[in-house]
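Read off the chains here:
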Amino acid sequence: MNLQEIREERQKWMTWKNIAPLREAIEKLPNIDTKVELGDVVALACKDEVDADLIENTARMMMPWRKGPFNLFGLFIDTEWKSNIKYNLLRPHFNLKDKKVADIGCNNGYYLFRMQEDAPKKLVGFDPSSLYKTQFDFINHFAKTEIVYELLGVEHLPFYEEKFDLIFCLGVLYHRSDPVSMLKELYKGLENKGEVILDTFYIEGEEEIALTPKESYSKIPNIYFVPTISALKNWCMRAGFASFEILETSLTSQDEQRKTEWIEGQSLEDFLDPDDSSKTIEGYPSPRRVYVKLIKERNGKK
Ligand SMILES: C[S@@+](CC[C@H](N)C(=O)[O-])C[C@H]1O[C@@H](n2cnc3c(N)ncnc32)[C@H](O)[C@@H]1O
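Below: a short report on this structure. (Residues numbered from 1 in each chain as written. Predicted model: local features only at pLDDT ≥ 70, side-chain atom pairs only at ≥ 80, totals over all residues.)

1. Remarks on the nonpolar core
Alright, step 1. The biggest cluster of nonpolar side chains holds 62 residues, and the ones touching the most others in it are Ile104, Val154, Ile167, Cys169, Leu186, Val196 and Leu198.
Alright, step 2. When residues no more than four places from it in sequence are discounted, the contact partners of cysteine 169 are Ile104, Gly105, Val154, Leu186, Val196 and Leu198. (Core = buried A, V, L, I, M, F, W, Y, C linked by C-beta atoms within 7 Å. Buried ≥ 20, exposed ≤ 12 C-beta atoms within 10 Å, placed from the backbone. Contact = placed C-beta atoms within 7 Å.)

2. Details of the sheet that holds strand β1 (residues 35-38)
Strand-to-strand pairing in sheets goes through backbone hydrogen bonds, with the strands running parallel or antiparallel.
Alright, step 1. In space, the four strands of this open sheet follow the order β1-β2-β4-β5, with mixed pairing throughout. Of all strands in the sheet, those with a lone pairing partner are β1 and β5 (75-77), marking the two edges. Each strand axis lies, on average, 20° off the axis of its neighbour in the sheet, ignoring direction.
Alright, step 2. Inspection of the sheet shows strand β2 (residues 42-45) paired to strand β4 (residues 70-72) by three bridges, in the parallel sense. Bridge pairing in β4 links valine 42 to phenylalanine 70.
Alright, step 3. Against the sheet, helix α3 (residues 52-61) contacts β4 and β5, and its axis sits at roughly 15° relative to β5. (Pairing = 2+ DSSP bridges. Helix = DSSP H or I, 4+ residues; strand = E, 2+ residues; numbered from the N terminus. Axes fitted to C-alpha atoms, helices over the stretch in contact; angles between N-to-C directions.)

3. Topic: the environment of cysteine 46
Alright, step 1. Looking at the secondary structure, you find cysteine 46 in the loop between β2 and α3.
Alright, step 2. Owing to 13 C-beta atoms within 10 Å, cysteine 46 belongs among the partly exposed residues under this scheme.
Alright, step 3. Each C-alpha atom, one on cysteine 46 and one on lysine 35, is 5.9 Å from the other, the two residues being 11 residues apart in sequence.

Here's what the structure looks like:
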């Protein structure tokens, strides 16, 4: 299938019985002259009266809200993740002015909305989730940005119609069963002097090894490999990148990820060992993240 056929096929996901009512709700939303305020909270504001019940009921239909926070005309969506913490940690390491930028695994687009503050040439989000795209469409119905949201995955980057100057790929690598292939896909999605900003879970240690969780890691079933930083570097070099730079490391705290009224089910506090928060419930080292910058070519050369 070519990209256009994949897009058409995936458009049909919007008719699934859990998604179709959400799409109808978006179509019924009024047009409101909206101002978008970009800060830790991505906020929609307007001078006119807004039907607060309509906004809240529509937002609640779209739960769970993982990434944010947002404020929709006074309604605070206190998402499971305070994504502003990750964004602010990375903020000193990039400038998007006039760049073609992709966010792979963009979820509901929280980072993309914030990235507009840099005046990039183009912003494209990739995420194969019909629910998260619907959350994005809900906000963007009012925000009316030029962000392009593709219901595509990282695996489509090598044959995407354009290449990017900067690709963000945050929190996706550990979900892939073949991480080196995924890194090659990112590589192929870049312009020659392009860069990737990536984060992933890591384990401490000097050895070039990776943890391979038996069934789940931190109760997340689809986590395949959690490398040491040196193993991660090896993966990136094998994928062809010319340079690997560690930007930051962090330990996820219950301030950053916690249960709120905008998600059903559990959050970080339930994923860690109740007697020893340095371990996950499965007994593995608790989630640490490393943030790296990868450069495709140095001075146009590998
Ligand atoms: C752990 S979340 C990370 C979200 C966000 N990038 C962040 O760092 O906060 C993983 C995201 O990857 C998306 N995803 C799943 N499969 C994917 C794929 N094949 N390609 C790109 N993204 C994918 C999920 O829908 C989800 O939004």
